[in-house]
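Inside the fold
Next come the chains, spelled out residue by residue.
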Amino acid sequence: MARILVINGPNLNLLGNREPEQYGYRSLEEIMGDLVRFAGACGHELTHVQSNGEGELVDIVQGAATSAVDYIIINPAAYTHTSVALRDALIAVGIPFVEVHLSSVQAREDFRHRSYFADIAMGVISGFQGESYMLALQAIVNRIEPPAG
Ligand code: DQA
């Protein structure tokens, strides 16, 4: 059994209403509910948290180390493109993580092409709206227990 923590950054609490052409029509609760169920069916424990504050996100990452989290899925949202503090926190705790984006960040404005996380992540999944999170979770589940064959 692995402990997986999903961390969502600023404005992702508005999913469903916020620029649905970019981010889809599903709410964060709906997307996270599917993840909790899928992780549970695979024998893992998944919890999720959302914050609009950079400092609070740093505290959440630091707290993940003390609560023995094995893997992190993180959508740093706008902090993807700005936050050295959040990058440093992930390096400090050393918990493997997948960076997730709902929209296809490389197909958007230039400032979204820069990520402070991509080079230290297990991998990056971007552009599949809510499904991006499920693809990240599937990658972690496969890492824990590689499919036979
Ligand atoms: C986002 C992409 C970011 O550029 C943006 O600031 C977000 C959401 C995404 O999931 O597509 O808030 O991380």
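Residues numbered from 1 in each chain as written. Predicted model: local features only at pLDDT ≥ 70, side-chain atom pairs only at ≥ 80, totals over all residues. Heavy atoms only, no water.

**Quick word on the confidence of the model for the protein**
Stated formally: You can read pLDDT as the predictor saying how much it trusts each residue, on a scale of 0 to 100. Each helix corresponds to a stretch of at least 4 residues labelled H or I by DSSP, and each strand to a stretch of at least 2 residues labelled E; elements are numbered beginning at the N terminus.
Overall, the prediction assigns the protein a mean pLDDT of 97, with 100% of residues at 70 or greater. Taking the mean pLDDT of every element in the protein, the minimum, 95, falls on helix α1 (residues 20–23) and the maximum, 99, on strand β3 (residues 71–75).

**Some remarks on the packing of helix α3 (residues 54–66) against helix α4 (residues 84–93)**
Defined as follows: Between N-to-C directions, angles cover 0 to 180 degrees, with each direction set by a line fitted to C-alpha atoms, over the stretch in contact for helices. Oblique is the label for any angle not covered by the other classes, which are roughly parallel (under 35 degrees), roughly antiparallel (over 145) and roughly perpendicular (65 to 115). Contacts were defined at the residue level, with two residues in contact if any of their heavy atoms lie within 4.5 Å. Under the convention adopted here, Pro, Cys and the residues Ala, Val, Leu, Ile, Met, Phe, Trp and Tyr are nonpolar, Asp, Glu, Lys and Arg are charged, and Gly plus all remaining residues are polar.
Viewed as axis vectors pointing N to C, α3 and α4 meet at an angle of 5 degrees, and their least axial separation amounts to 9 Å. What the angle tells us is that α3 and α4 run roughly parallel. Touching Glu-54, Leu-57, Val-58, Val-61, Gln-62 and Ala-65 of α3 are Ala-85, Leu-86, Ala-89, Leu-90 and Val-93, all from α4. Residues that form the contact of α3 with α4 fall into these classes: 9 nonpolar, 1 polar and 1 charged.

**Describing the nonpolar core**
Spelled out, the test is: Here the nonpolar core consists of buried residues drawn from Ala, Val, Leu, Ile, Met, Phe, Trp, Tyr and Cys, with membership extended through side-chain atoms lying within 4.5 Å. Using a 1.4 Å probe on the protein chains alone, a residue whose accessible area is under 20% of its type maximum counts as buried, one over 50% counts as exposed, and one in between counts as partly exposed.
Membership of the largest hydrophobic core comes to 23 residues, with the highest contact counts inside it found for Ile-73, Tyr-133 and Leu-137. When residues of this core are traced back to their parent elements, those giving at least two are β1 (3–8), α2 (28–41), β3, β4 (97–101) and α5 (131–144). Residue contacts for Ile-73: discarding those within four places in its chain leaves Ile-4, Leu-5, Val-6, Ile-7, Val-98, Val-100, Tyr-133, Ala-136, Leu-137 and Ile-140. Ile-7, Ile-60, Ile-72 and Tyr-116 belong to the second largest nonpolar core, which has 19 residues in total.

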